[in-house]
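A structural walkthrough
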Amino acid sequence: MTIEFEQSQTDVLILGAGGAGLFAALHASTLAPDAHITIAVKGLLGKCGCTRMVQGGFNAAMAAEDSIERHFMDTIEGGKWLNNQDLAWTLVNEAPRRIRELENELGCFFDRNPDGSLHQKAFAGQTFDRTVHKGDLTGIEIINRLAEQVWKRGIHRLEDHRAVELIRSKDGSGLAGVLMMDMRTGKFRLVQAKAVLLATGGGPTMYKYHTPSGDKSCDGMAMALRAGLPLRDMEMVQFHPTGLIAGPGTRITGTIIEEGLRGYGGHLLGGDKQRFMATYDDRAERATRDIVSRAMYSEMRKGNIGPNGGLYITMKHLDAKEVRTRFKGMVQRCHDCGFDLVAGDVEVVPTAHYMMGGVEFASDCQTELPGLFAAGEDTGGVHGANRLGGNGVANSTVFGGIAGDAIARWLPDHGVFREPDLDAAKAAVAATQYPFRIEGGHMPAIREKLYDVMWEDAGILRDAGSLARARAAVDDLHGELMRTGIADDNRAYNLSWHDWLNLESQILISKVVIEAALVRDDSRGAHFREDFPETRDLETSRYTKATLADKAISITTEPVIFNRIKPGETLLSD
Amino acid sequence: MQTDQISVSIWRGGEDGKYQTYRVPRLESQTVLDVVTYIQRELDPSLSYRFACRVGVCGSCAMTVNGKARWTCRTHVSRVADGGAITLAPLRNLPVVKDLVVDMAVFFDKWEKALGSFVGDQTRDQALAAVSPADPRRREASAGIECIGCGICYATCDVVDWNKDYLGPAAMNRAWTLINDARDVARLPRLQAIAGDNGCLGCHSQQGCVERCPKSLNPTVAIAGLKRESMKAALKGELS
């Protein structure tokens, strides 16, 4: 008899090592110093996830003239009143303390004014300059400093480890642990834990053009859904207007070049090399992300495109020296990839950037499954229908820290090793090994088709017809994936196996996005229905809630609770 | 000269292994990471490599490209293809997991051994320190702070090759940024941690790290700074 998996135990298992996972590890180890804490990540600690990729910065009401209430109102207005108001309130309240913790306790150094005080910059959609930053590489500073502190604490690391399935207790009453795979060997291990934090990051990587890190493939959301948890607001996928496009053969396609270029005066040009934004919005290139993305998509649909199917951004009418100085990182990045951002036209395309939706969770990061906590982009409700630039890293770090605190406080009274459902673990091992039993098929073609379907029929502009096409096409792709195998010659660091598993997660979550988008028959925030272009009454707003049962996704809607403020009201006195 | 195809020789296996050669179509926009991806997706699904961010932020995808350590996501094929040929190997000075994947644990352990993490005496309930960006020490710290921990300097350093206990350029570069951080309170323990032949005295100023750093940082200058400061502290008897 072969042993299907080894077993081990840890008090706290954290899945993901971005801003949420690392903060949770630090906070849990501070409040529960005797707890055995393990952090698992698909690559190397400190190098995965999207917190590291943050360019813009971190919103926090730190200035005397700013206020928590103002940040809250901006977040709710930006979210088109779909936010869970308690979550948004927690975000804005905790953000300044998290900045002080990052600086005073962890060693981040954010940009200063000449007098030594903190510099905070303007960012779209906000009524106050509150974005804390470190140049245009804020995320590197945050994750480097967090990773160092995690190394120092001796927190147990499972690097190059993939989380495969959340395993409930035998009696089904709670979470018993997580089935993991050591990617370096391809072997399985059931890690029993008293508490598990889901912090793998979402990441809309099922779209043809996408910004997130390559390790992200919606695994956390897929595992949560399969474990019976509801996902909310899944139709809300944010597109950023300016991703590089250089053909399907390069991984650079989809990666972001920053918003500040448009703010500084950069022009967007069609394939005909003419500006077009002024016909869509008075602010032209400086309109908000959603408006610019929709305008660009419309131009692309008209066929006004460049050789790779995109449009252009150009800075060549601006002072070259200034562009080089202000956007050093972006100029260098483009140069390395063969593009001239200073004197040329760089081909760009709107690119899928962030998922506002995710696992439903409470302000203390508990989910409805006892023993499972969640934080960061795996969760939904904080941002509503649209996320403000600068609220993403605030979300991951604020709620990661809260999760660590909450888990440490929860352990003494509730922390037990539940007896795992070993049959469920065995079934998950069998499902993960499934592609080794199949021969034939061509996986890269499935991925490319999924990219196209999601981009064309479930992307920036949608209607009932396109979403119905997407539903049928993604169902077909799932069937095709199940007929596509992997050679079982060497399971160690077998990226093709992981590509298959990534695709399985991406397909499941694509289906959820499509179903939620079909149910939301109005347009708001990131979700635009061409057949329902208006926003319905805000007072009766409802949010979508997706669940999985017997392999079928069902969507219900729930009323948004306006427990802090109602549409039309404000918390601001002036 | 641009040809239609490139010939790519890649290290296959662990510490023991051999090179295997593939023919890859040449594209206009094509990085070395794209070449590796093409081989894994279309020619040999068993090829192993590591990457994450795709844009030079995470430092996961560094490899040895035609004998030199480079990040591969930002290395355009046109700049390295030598007569239409590329040879790829895992980073030097780190244990090979498989093919192009290395185990970086020792690199991060040394970062910690050099006390490469901040020690402050303020808390989250206190205001931020007022530090002028023009302050000379802050400028010194800022000059080295954008390290992404890709390990390229470590793989290039001959001293690491000779002395497995040598802390290496990246760890000491981080230590130097902390020595210059006015908010940090672990100056002496840090100088003790980086003193000696496994630390700053081990550096022979060959500057391979400076030449290869994709972020244009200068660890040699940082290490020289550490030598100076630890010498001063030793003369004052602070390191004993």
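Residues numbered from 1 in each chain as written. Chains lettered and ligands numbered in written order. Predicted model: local features only at pLDDT ≥ 70, side-chain atom pairs only at ≥ 80, totals over all residues. Heavy atoms only, no water.

1. Side note on the overall build of chain B
Looking only at helices and strands, one finds 10 helices and 7 strands in chain B. Across its three principal directions, the C-alpha atoms of chain B cover 65 × 40 × 30 Å. Counting over 240 residues, chain B shows a buried share of 56%. Partitioning the contacts of chain B with sequence separation of at least 6, the portion at a separation of at least 24 is 65%. Accessible surface computed for chain B: about 9800 Å², of which carbon and sulfur atoms make up 50%. If you average the places of the 30 positive and of the 26 negative side-chain charges in chain B, the two averages end up 3 Å apart. (Helix = DSSP H or I, 4+ residues; strand = E, 2+ residues; numbered from the N terminus. Buried < 20%, exposed > 50% of the residue type's maximum accessible area, 1.4 Å probe, protein only. Contact = heavy atoms within 4.5 Å. Areas by Shrake-Rupley, 256 points an atom, 1.4 Å probe, with all protein chains shown as cover. Lys, Arg positive; Asp, Glu negative; His and termini not counted. Charge placed at Lys NZ, Arg CZ, Asp CG, Glu CD.)

2. Re the overall build of chain A
Looking only at helices and strands, chain A has 14 helices and 18 strands in total. With the C-alpha coordinates aligned to their principal axes, the bounding extent of chain A is approximately 70 × 55 × 50 Å. Going through the 574 residues of chain A one by one, you find that 66% of them count as buried. A sequence separation of at least 24 residues applies to 74% of the contacts in chain A between residues at least 6 apart. Taking the 65 positively charged and 78 negatively charged side chains of chain A as two groups, their mean positions are separated by 2 Å.

3. Considering the interface of chain A and chain B
Taken together, the contact pairs 65 residues of chain A with 64 residues of chain B. When chain A packs against chain B, the two sides together hide about 5700 Å² of surface, and 51% of this comes from carbon and sulfur. It is A:K47, A:N104 and A:R251 in chain A that bury the most area against chain B; as a group they hold 15% of the surface buried on that side. Applying the counting rule to chain A against chain B returns 9 salt bridges. Between B:R79 and A:D336 there is a salt bridge, with its nearest N and O atoms 3.9 Å apart. Put simply, chain A and chain B have 41 residue pairs in polar contact (both at pLDDT 80 or more) between them. Contributions of two or more residues to the side of chain A that touches chain B are made by α3 (85-104), α4 (138-153), α9 (328-336), α12 (443-457) and α14 (495-519) of chain A. (Buried area = accessible area lost by both parts, 1.4 Å probe. Salt bridge = Lys/Arg side-chain N within 4 Å of Asp/Glu carboxyl O. Polar contact = N/O pair within 3.5 Å; in protein donor to acceptor, adjacent residues only side chain to side chain.)

4. Considerations on the domain arrangement of chain B
All names here are of chain B. Assigned domains within chain B: domain 1 (4-102) and domain 2 (105-235). Once you take the C-alpha centre of each, domain 1 and domain 2 turn out to be 29 Å apart. Counting each side, the surface lost to burial between domain 1 and domain 2 is near 1200 Å², with a carbon and sulfur contribution of 56%. On the domain 1 side of the interface with domain 2, the three residues burying the most area are W71, R92 and N93, jointly 45% of the side's total. One can count 2 salt bridges joining domain 1 with domain 2. (Domains from an automatic or database assignment.)

5. Examining the pairing of strand β9 (residues 187-198) of chain A
Residues in a regular strand project their side chains so that they alternate between the two faces of the sheet. Residues and elements named next belong to chain A. Counting buried positions along β9 gives 10 out of 12 residues, so the element sits mostly inside the fold. When strand β1 (residues 6-15) meets β9, the two strands line up parallel, connected through 9 bridges. In the sheet register, I14 faces β9, and the bridge partner there is L197. Hairpin connection from strand β8 (residues 175-182) to β9: 4 residues lie between these consecutive antiparallel strands, with G186 at a positive phi of about 80°. The sheet contact formed by β9 and strand β16 (residues 372-374) spans 3 bridges and is parallel. (Pairing = 2+ DSSP bridges.)

6. Observations regarding the pattern of salt bridges
All names here are of chain B. Scanning the entire structure with this criterion turns up 63 salt bridges over all chains. With a shortest N-O distance of 3.0 Å, E229 and K232 are connected by a salt bridge. Of this pair, E229 and K232 both sit in helix α10 (residues 219-235), 3 residues apart, which is roughly one turn of that helix. Judged by its relative accessible area of 13%, E229 is buried.

7. Describing the pairing of strand β2 (residues 17-25) of chain B
Residues and elements named next belong to chain B. In this structure, strand β1 (residues 5-13) lies alongside β2, joined through 9 bridges in antiparallel fashion. Bridge pairing in β2 links I10 to Q20. Connecting β1 to the antiparallel partner β2 that follows it, the hairpin turn spans 3 residues.

8. Some words on the packing of aromatic side chains
The relation between two aromatic rings is expressed through the spacing of the ring centres and the mutual angle of the planes. All names here are of chain A. Applying the stated criterion across every chain yields a total of 20 aromatic pairs over all chains. Arranged with centres 4.8 Å apart and planes meeting at 90°, the rings of Y209 and W455 form a pair that is edge-to-face. With Y209 in the loop between β9 and α5 (219-226) and W455 in helix α12, the pair connects residues that are 246 residues apart, well separated along the chain. We classify Y209 as buried; its relative accessible area is 7%. (Phe/Tyr/Trp six-rings, centres within 6.5 Å; stacked < 30°, edge-to-face > 60°.)

9. Observations regarding the nonpolar core
With 238 residues, the main nonpolar core has A:L15, A:F58, A:L341, A:F399 and A:I509 as its most contacted residues. Residue contributions to this core peak at 13 residues, all from α14(A). Each of domain 1 (4-102) and domain 2 (105-235) of chain B gives at least three residues to this core. Leave out the neighbours within four places in its chain, and A:I509 touches A:M206, A:C218, A:M221, A:A222, A:L225, A:L231, A:M234 and A:M355. (Core = buried A, V, L, I, M, F, W, Y, C linked by side-chain atoms within 4.5 Å.)

10. Things to note about α12(A)
Relative to the 21 Å expected for 15 residues at 1.5 Å per residue, α12(A) spans 21 Å between its end C-alpha atoms, a close match to the ideal helical length. Those residues of α12(A) that fall on the buried side of the exposure criterion are A:M443, A:P444, A:I446, A:R447, A:L450, A:Y451, A:V453, A:M454, A:W455 and A:D457. (Expected span 1.5 Å × (residues − 1).)

11. Things to note about unusual backbone geometry
Non-glycine residue A:Y493 carries a positive phi angle of around 45°. Mapped onto the elements, A:Y493 comes out in the loop between α13 (464-482) and α14. Assessed through its relative accessible area of 2%, A:Y493 is described here as buried. Its identity as a non-glycine residue notwithstanding, B:Q207 has a phi of 65°, on the positive side. Looking at where B:Q207 falls in the secondary structure, it is placed in the loop between α8 (187-194) and α9 (208-212).

12. A word on the side chain of B:H76
Residues and elements named next belong to chain B. Topologically, H76 is positioned in the loop between β4 (68-71) and α2 (77-80). Exposure remark for H76: the relative accessible area of 7% places this residue in the buried category. In terms of polar contacts, H76 uses its side chain to reach the side chain of S78, at 2.8 Å.

13. Focus: the environment of A:F417
All names here are of chain A. Looking at where F417 falls in the secondary structure, it is placed in the loop between α10 (392-414) and α11 (422-433). For F417 and G376, which are 41 residues apart along the polypeptide, the C-alpha to C-alpha distance reads 25 Å. Other than its neighbours up to four places away in sequence, F417 contacts Q9, T10, D11, Q192, A193 and K194.

14. Topic: the sheet that holds strand β3 (residues 58-59) of chain A
Adjacent strands of a sheet pair through backbone hydrogen bonds, lying either parallel or antiparallel. Residue and element names in this part refer to chain A. Spatial ordering of the open sheet is given by β3-β5-β4, a layout of 3 strands whose pairing is antiparallel. Of all strands in the sheet, those bounded by a partner on one side alone are β3 and β4 (120-121). Of the pairings in the sheet, the one linking β3 to strand β5 (residues 131-132) comprises 2 bridges and is antiparallel in character. Bridge pairing in β5 places F58 opposite V132.

15. Points about the state of the cysteines
All names here are of chain B. Across all of its chains, the model carries 0 disulfides over all chains by this definition. Of all cysteine sulfurs, the one in C61 lies closest to C73, which takes part in no disulfide; the gap is 3.8 Å. In this structure C157 is a free cysteine whose sulfur lies 6.7 Å from that of C209, the closest cysteine sulfur available. (Disulfide = S-S within 2.5 Å.)

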